[in-house]
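Observations on the model geometry
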Amino acid sequence: QVQLVESGGGLVQAGGSLRLSCAASGRTFSSYSMGWFRQAPGKEREFVATITWSGGSTYYADSVKGRFTISRDNAKNTVYLQMNSLKPEDTAVYYCAASLKGAVTTSTWYNYWGQGTQVTVSS
């Protein structure tokens with residue numbers, strides 16, 4: 001089993017940056033692909049980014065491509081989401097998740113989820 005705890009959210013002005021972290025428990029972290037999803041008020045949860053177990057491949061939603069970067073440190077059992085050039089439409093609760101299915105973009109393939117961290121971008 002894997003437990004995930006996100007941190008790093010907060011309030012930032014448009015154009016600013018934040019780095020989210022997701023710390024995982026358990027010795028099998030490196031076996032999982034990791035993903036970031038987000039959910040804005042009144043909207044469905046949506047895919048943001050994912051990274052394979054080795055970190056060798058990454059995939060992004062079109063809405064964040066070129067602005068966000070996902071990375072991982074298997075020695076620290078942590079996955080990161082660097083968010084630059086933030087926009088008000090990036091405001092959401094951000095969740096990290098772990099998948100044994102590979103770097104997939106569909107939330108149903110993720111086995112474990114964190115509790116989420118709020119990101120608010122002011123205009």
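The structure under discussion appears in the preceding block.
With that settled, the discussion passes to the sheet that holds strand 1 (residues 4-7). The sheet built from 4 strands is open, its strands ordered 1-3-8-7 with antiparallel pairing. Bordering the open sheet on either side are strand 1 and strand 7 (68-73), each of which pairs with just one other strand. Along the sheet, successive strands turn relative to each other by an average axial angle of 15°, direction set aside. Judged from the 6 bridges that link them, strand 7 and strand 8 (residues 78-83) form a sheet pairing that is antiparallel. Residue pairing across strands places Asp73 opposite Thr78, the latter belonging to strand 8.

Let us now look at the pattern of salt bridges. Tallying each qualifying case throughout the model produces 4 salt bridges. A salt bridge links Glu46 to Arg38; the nearest nitrogen and oxygen atoms lie 2.6 Å apart. Residues Asp62 and Lys65 are paired through a salt bridge, measuring 3.1 Å at the closest nitrogen-oxygen approach.

Further remarks concern the state of the cysteines. A complete count under the given rule lists 1 disulfide for this structure. Linked covalently through their sulfurs, Cys22 and Cys96 form a disulfide whose S-S length is 1.9 Å. Because the sign of the S-S torsion sets the handedness, a value of about 45° for the bond joining Cys22 and Cys96 places this disulfide among the right-handed ones. Linking Cys22 in strand 3 (residues 18-24) with Cys96 in strand 9 (residues 92-99), this pair joins segments that are 74 residues apart in sequence.

Scanning the model with the defined rule gives 5 aromatic pairs in all. Geometrically, the ring pair formed by Phe37 and Tyr110 is edge-to-face, given 5.1 Å between the ring centres and 80° between the ring planes. Separated by 73 residues along the polypeptide, Phe37 in strand 4 (residues 33-39) and Tyr110 in the loop between strand 9 and strand 10 (112-113) bring together distant segments of the chain. In this structure Phe37 comes out as buried when scored by relative accessible area, which is 1%.

Calculation notes
Residues numbered from 1 in each chain as written. Predicted model: local features only at pLDDT ≥ 70, side-chain atom pairs only at ≥ 80, totals over all residues. Heavy atoms only, no water. Pairing = 2+ DSSP bridges. Helix = DSSP H or I, 4+ residues; strand = E, 2+ residues; numbered from the N terminus. Axes fitted to C-alpha atoms, helices over the stretch in contact; angles between N-to-C directions. Salt bridge = Lys/Arg side-chain N within 4 Å of Asp/Glu carboxyl O. Disulfide = S-S within 2.5 Å. Phe/Tyr/Trp six-rings, centres within 6.5 Å; stacked < 30°, edge-to-face > 60°. Buried < 20%, exposed > 50% of the residue type's maximum accessible area, 1.4 Å probe, protein only.

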